[in-house]
Amino acid sequence: MRAEAQTHIDRIEAALELLRRFLDWDRALRRLDELNARVEDPTLWDDPKKAQEVMRERTRLDQAIGATRAIQQEMDDTVELMEMAEAEGDNALVDEGVAQLAALAARADEDKVKALLAGEADANDTYLEIHAGAGGTESQDWAEMLQRMYMRWAERRGMKVEVVDYHAGEQAGIKSATLLLKGENAYGYAKTESGVHRLVRISPYDSSARRHTSFSSVWVYPVIDDNIDIEINESDLKIDTYRASGAGGQHINTTDSAVRITHVPTGIIVACQNQRSQHKNKAEAMSMLKARMYEAELQRREAEASATHASKSDIGWGHQIRSYVLQPYQMVKDLRTGIVSTAPDDVLDGALDPFMAAALSQRVTGETVVVEDVD
């Protein structure tokens, strides 16, 4: 077997192994049999809501199991044909087999990521907050670069983007911004981006052209629907109003329509200024608060299951998840998975899928990678 072909086979087998591990293969097969039996029960639709939940779970499992089996079978068939072609010296057919394996490997990776997006809220829309770290204009400019990066990523995936809250920097950039990303699996993909992001570059604001390091944090939490009940006591809330300004608020800055809500027991703060009325901004802010509290519960469950928890931390050294180096060389490096890109311009233009896919896989395997940061 050619080395190139074996590389594709190894990649496919790694994706299949991760899929089986994620599905808990034997349990998934038993569960699918149970669900198929329930679907055949004529009394199932006596409770339409429960029936819909059963059908969704059945469809998800059936698709994941079917895709895994199809990839395995196609790989086995292709390898068998290639072995026969090699024995007969048919190089053209071998070349065709290598191309088929390459396409299958890409499909396996895509199916793997889709299967990994099966969390409780992964299919939901998501809020994404960006906060500049210490460092004034440098960090505020970096925060705005991150805002553009995520907006470009969302647009690449056909998502709609709304700027829910925005606070401009004193000279340039932003102090903070909250985006609402609407699209398929928005939270499932974006949740891996929570953490501190570090930029190294020659500062455009330094007349001496010195190299600067800047930090900004990203925090992601899902939009929740009416099926998820989050109880909040009004007495636990501190509600402030202020005059909206900046992007998203330029048309509503004649009154104190913007709303900031602080949940005193947890210290969670949310704000909204993109609507014209204070009432609508308050309703949106309450939805954001419920989403933040729900995300905290998801994080708590994940921490109990894996005994690891990437909590929100100080915006500075020792807490970053990814470094973006623009000078003296070009590199973006994820400090959790070791994934590297030597095209930071592409990454900053929204090419984030490889980083997200690797981080999703790591959540399933639980494997940690020792990664050295870049200078």
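Let us look at the structure shown here. Note that the structure is predicted; figures quoted are calculated from it, not measured. (Residues numbered from 1 in each chain as written. Predicted model: local features only at pLDDT ≥ 70, side-chain atom pairs only at ≥ 80, totals over all residues. Heavy atoms only, no water.)

Turning to the nonpolar core, a few remarks are in order. Among soluble globular proteins, nonpolar side chains are generally buried collectively. Residues Y150, W153, L289 and Y324 are the most contacted members of the largest nonpolar core, which totals 61 residues. Sorting elements by how many residues they give to this core places helix 7 (residues 278-306) first, with eight residues. The contacts of Y324, once residues within four sequence positions are left out, are W142, L146, M149, H197, R198, L199, V200, M331, V332, V347 and L348. Core analysis: the next-biggest nonpolar cluster, separate from the first, contains 18 residues, I71, M75, A85 and A115 among them. (Core = buried A, V, L, I, M, F, W, Y, C linked by side-chain atoms within 4.5 Å. Buried < 20%, exposed > 50% of the residue type's maximum accessible area, 1.4 Å probe, protein only. Helix = DSSP H or I, 4+ residues; strand = E, 2+ residues; numbered from the N terminus. Contact = heavy atoms within 4.5 Å.)

Moving on, we come to the packing of helix 2 (residues 25-39) against helix 3 (residues 48-88). Each pair of packed helices gets described by two things: the angle between the helix axes and the distance between those axes. Closest axis-to-axis distance for the helix 2/helix 3 pair is 9 Å, and the angle between their directions is 135 degrees. Classified by the angle between their axes, helix 2 and helix 3 sit oblique to one another. With respect to the hand of their crossing, helix 2 and helix 3 are arranged in left-handed fashion. Residues W25, A28, L29, R31, L32, L35, N36, R38 and V39 of helix 2 touch helix 3, and the partners they reach there are K50, V54, M55, E57, R58, L61, D62, I65, T68 and R69. (Axes fitted to C-alpha atoms, helices over the stretch in contact; angles between N-to-C directions. Parallel < 35°, antiparallel > 145°, perpendicular 65-115°, else oblique. Left-handed = near helix turned anticlockwise from the far one by under 90°.)

This next bit is on a negative patch on the surface. Taken together, the side chains of D10, E13, D76, D77, E80, E83 and E86 present a region of like negative charge at the surface. Contributing elements (two or more residues each) for the negative patch: helix 1 (3-23) and helix 3. It is helix 3 that provides the largest number of residues to the negative patch, a total of five residues. Mapped onto the secondary structure, E80 falls in helix 3. By relative accessible area, which is 48% here, E80 ends up partly exposed. (Patch = residues over 30% accessible without salt bridge, like charges linked within 9 Å, V, L, I, M, F, W, Y side chains within 5 Å. Areas by Shrake-Rupley, 256 points an atom, 1.4 Å probe, with all protein chains shown as cover. Salt bridge = Lys/Arg side-chain N within 4 Å of Asp/Glu carboxyl O. Lys, Arg positive; Asp, Glu negative; His and termini not counted. Charge placed at Lys NZ, Arg CZ, Asp CG, Glu CD.)

Before going further, it helps to spend a moment on the environment of L237. Mapped onto the elements of the fold, L237 is located in strand 6 (residues 237-242). L237 sits in the buried class, given a relative accessible area of 13%. When the C-alpha atoms of L237 and I269 are compared, they prove to be 9.8 Å apart, with 32 residues separating the residues in sequence.

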